[in-house]
Amino acid sequence: MSLDYSHIIAESQRYLDMIAKEELTMAEKDALVKETVEAFRDHVNPGFLEYRKSVSTDYTSVEWKDGGATFTDVYGKEFIDCLGGYGIYNVGHRHPKVLAAVINQLKRQALHSQELLDPLRALLAKLVAAITPGDLQYVFFVNSGTESVEAAIKFARMYTGRRSFISTTRAFHGKSLGSLSATAKAVFRKPFLPLIPGFHHVPYGNAEAVAMMLESCAFVGEDVAAVIVEPIQGEGGVIVPPDDYLPKLRKLCDQYGALLILDEVQTGMGRTGKMFACEHCGVVPDILCLAKAFGGGVMPIGATVARKPIWEKLIENPFLHTTTFGGNPVCCAAAIANINVLLEENLPQRAAESGAYMLRRLRELAAKYPAVVLEVRGKGLMIGIEFVSNELGYEVAKGLFARGVLVAGTLINAKSIRIEPPLTISRDQQDRVIERLAATLEEVNRLA
Ligand SMILES: *Cc1c(COP(=O)(O)O)cnc(C)c1O
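Residues numbered from 1 in each chain as written. Predicted model: local features only at pLDDT ≥ 70, side-chain atom pairs only at ≥ 80, totals over all residues. Heavy atoms only, no water.

For the protein, an unreviewed UniProt entry supplies the name Diamine aminotransferase apoenzyme and the organism Desulfofundulus thermosubterraneus DSM 16057. Per UniProt, the protein has the following entry under Cofactor (unreviewed entry): "pyridoxal 5'-phosphate". Turning to the protein, the UniProt record has this under Sequence similarities (unreviewed entry): "Belongs to the class-III pyridoxal-phosphate-dependent aminotransferase family." (UniProt positions renumbered as here; feature names shortened; annotations may be inferred.)

Here's what the structure looks like:
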């Protein structure tokens, strides 16, 4: 007996008709919210609904469309996006130039043959080599941040022949088994131990700790392949290290023949006020990891960029590390447009200016509510607000959500929320965020 799929065809057609619509009727909106919540509960993860209940006044809020620095839910409630999709919307939501590039490429060819030469991968690699610092030259494209770190770990082993790595506490490098080995939070790691062997975590921001670990590893004959760090820790709660941290790590790596891997998945593409955060101190890594905002907030694409010697074995055998979708034409089109827009609109500079303004205003506010806010810190438009307790942080996120500003905690440090809006956010929008935060803090202060 053959299965009857007619209801699946009808149902999927109903979804397709909805996708094709600009606007829904009130009845359709109500139905969509109900169906989304039910399907999340029964088929995605009910835990996610519970989490939303804890951080939002309306956990059934269903997102519908976006543009610039804002998005709206299905009922048309507008939010200023200060979460920025964990830092993916550097050029804003659906920047017209990124969208146009993607649509133009889609009209001709979506994915590549995997066999002939695909032009956009080559042209994007050339642009990436040109904008990344120093002699970073070769680029391997991937689909996500964790994959870019995964590739970096493999390349470091391949090039050095060594097996030990140094990572830092509170680091976030992704959640696939390799990158999770570098990530540093017990709840994410414990259920999956043992991870890949040879990872040592030392306190972040402390070059002396790295020096001691390099020495210890060399002493016992387990030389370090690479030191991997974020120039500013994102998920760790926006932790800015001392100015001389990266220069010291660069020197130590050279001294011990270890590679320096900088994970700029979150700090890259203008976020901190320079195209790449390592430019603030002039340090050139051996391997640079990119993703998140790299695809212009429209397509998922990441990259692992390296100096030429590291590519040696990959040149001998280009199939040593491969991915089917990595560097596909649609994603490359988005990434090319992204680089163009970041430079043409001078967005790293705008991030520096807007970030300095926001930091000043946020610190003024924080000083008024010492019972709620511990610290405001950051660089460019990568800003963290640390609260006295997790609970107060949740209350502030909730209050802002009710007032049409989206923020969220960080994955490793629940006491901190991040302010990572599109770099295109206007002064007027920044002022509205500050006003709404002031109102929220006034309210939350009564609980503190
Ligand atoms: C988000 C993040 C990753 C992981 O990226 P995914 O695309 O979620 O896999 C890795 N490193 C850093 C620094 C990140 O912020």
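**Q** Tell me about the pairing of strand β15 (residues 416-419), residues and numbers included.
**A** On β15, burial covers both faces: S416 and R418 on one face and I417 and I419 on the other are all buried. Where strand β12 (residues 382-387) meets β15, 4 bridges bridge the pair, whose relative direction is antiparallel. Pairing of G384 across the sheet is with R418, part of β15. Where strand β14 (residues 408-409) hands over to β15, the hairpin turn is made up of 6 residues, counted between the paired strands. (Buried < 20%, exposed > 50% of the residue type's maximum accessible area, 1.4 Å probe, protein only. Helix = DSSP H or I, 4+ residues; strand = E, 2+ residues; numbered from the N terminus. Pairing = 2+ DSSP bridges.)

**Q** Tell me what's going on with the site of the ligand, and back it up with residues and numbers.
**A** Surrounding the ligand, one finds S144, G145, T146, F172, H173, G174, E230, D263, V265, Q266 and K292. G145 has a polar backbone atom sitting 2.8 Å from an oxygen atom of the ligand. Between the ligand and K292, the relevant distance is 2.7 Å, taken from an oxygen atom to a side-chain nitrogen or oxygen of the residue. The fraction of the free accessible surface of the ligand (380 Å²) that becomes covered by protein chains is 82%. Looking at the shell around the ligand residue by residue, the classes come out as 2 nonpolar, 6 polar and 3 charged. (Near = heavy atom within 4 Å. Polar contact = N/O pair within 3.5 Å; in protein donor to acceptor, adjacent residues only side chain to side chain. Areas by Shrake-Rupley, 256 points an atom, 1.4 Å probe, with all protein chains shown as cover. Nonpolar A, V, L, I, M, F, W, Y, C, P; charged D, E, K, R; others polar.)

**Q** Quick rundown of the environment of A366? Include the residues and the values.
**A** The topology assignment puts A366 in helix α14 (residues 347-368). Separated by 71 residues in sequence, A366 and L437 place their C-alpha atoms 10.0 Å apart. Not counting residues within four places of it along the chain, the set of residues in contact with A366 comprises V373 and V376. (Contact = heavy atoms within 4.5 Å.)

**Q** Could you give an account of empty space enclosed by the protein, naming the residues involved and the relevant values?
**A** Scanning the model with the defined rule gives 1 cavity of 30 Å³ or more in all. A volume near 30 Å³ is recorded for the largest cavity. As for the largest cavity, its lining consists of L362, L365, A366, V373, V376, I385, F387, L437 and L441. Mapped onto the lining of the largest cavity, the elements with two or more residues apiece are α14, β11 (373-379), β12 and α16 (427-445). Here the lining of the largest cavity takes 3 residues from α14, the largest share from any one element. Within the lining of the largest cavity, the residues separate by chemical class into 9 nonpolar, no polar and no charged. (1 Å grid on protein atoms, 1.4 Å probe; cavity = no way out; pocket = protein on both sides within 12 Å on 5 of 7 lines; lining within 4 Å. Points joined across faces, edges and corners; volume = space filled by probe spheres on them.)

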